[in-house]
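Analysis of the macromolecular model
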Amino acid sequence: MRTFVVAGGCFWCLDAVYRTLQGVTDVVSGYTGGVTREPSYDAVCTGMTGHAEAVAVTFDETVIPSSVILDVFFTLHDPRQLNRQGNDVGTQYRSAMFYSDDEQKAEFEAARDRAAEIWEGDIVTTIEPLGEYWRAEEYHQDFFAKNPGQGYCLAVALPKVNKVRKSYAQYVLAS
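Residues numbered from 1 in each chain as written. Predicted model: local features only at pLDDT ≥ 70, side-chain atom pairs only at ≥ 80, totals over all residues. Heavy atoms only, no water.

Observations concerning the packing of helix 1 (residues 11-18) against helix 3 (residues 66-76)
Contact pair helix 1 / helix 3: the axes reach a minimum separation of 11 Å and the direction vectors enclose 135 degrees. Considering the angle they form, helix 1 stands oblique to helix 3. Seen from above, helix 1 lies across helix 3 with right-handed handedness. Here helix 1 contributes Leu14, Val17 and Tyr18 to the contact with helix 3, which in turn contributes Ile69, Val72, Phe73 and Leu76. Across the contact of helix 1 with helix 3, the residue classes tally to seven nonpolar, no polar and no charged. (Axes fitted to C-alpha atoms, helices over the stretch in contact; angles between N-to-C directions. Helix = DSSP H or I, 4+ residues; strand = E, 2+ residues; numbered from the N terminus. Parallel < 35°, antiparallel > 145°, perpendicular 65-115°, else oblique. Left-handed = near helix turned anticlockwise from the far one by under 90°. Contact = heavy atoms within 4.5 Å. Nonpolar A, V, L, I, M, F, W, Y, C, P; charged D, E, K, R; others polar.)

So, in structure tokens, the structure goes:
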């Protein structure tokens, strides 16, 4: 099993998308990239902690290639938006990849390069060393599945889930 930590806007969307993929064994919403120890959601939302809303995606590379996990990341958010995704604005919504070793760093750089060939404009996704990863509050875990009728889920997360289901159909779990 491997784990990648990525941030691309609200973690509810990332969590919702990755949970639909075969070979993904766990997704943990959390915070990383900042300076505050044991941050809360309210603190992260102030933009003062330096943390990004992120997900730790654990997957079985014999079922789904690491390149697909990373390409999905660049499909489900706009990596050209600095410190935002749509109406979610602030450094906590930045596009970032957090590597745990040199191998991951190289994989992340290659994925960013592939994304640059698809997206017009400059990719602003940062590639940062993974520091402490703080698990978000329990109500954030698997939020989309627990709250399918919630307005944000319907307006923002569901279109992203559907986009990835279409683009990566061969890796999507059967419903």
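Things to note about the pattern of salt bridges
Tallying each qualifying case throughout the model produces ten salt bridges. Residue Arg2 pairs with Glu61 through a salt bridge whose shortest N-O separation is 3.3 Å. Pair noted here: Arg2 is in strand 1 (residues 2-8) and Glu61 is in the loop between strand 3 (52-59) and helix 3, with a separation of 59 residues, a long-range link. Among the residues examined, Glu61 registers a relative accessible area of 38% and is labelled partly exposed. Here Arg2 ties to Glu107 by a salt bridge, and the two come within 2.5 Å at their closest N and O atoms. Of this pair, Arg2 sits in strand 1 while Glu107 sits in helix 4 (residues 102-118), placing them 105 residues apart in sequence. Neither residue differs from the other here; Arg2 and Glu107 are each classed as buried. Here the salt bridges do not stand alone but share partners, grouping Arg2, Glu61, Glu103 and Glu107 into one network. (Salt bridge = Lys/Arg side-chain N within 4 Å of Asp/Glu carboxyl O. Buried < 20%, exposed > 50% of the residue type's maximum accessible area, 1.4 Å probe, protein only.)

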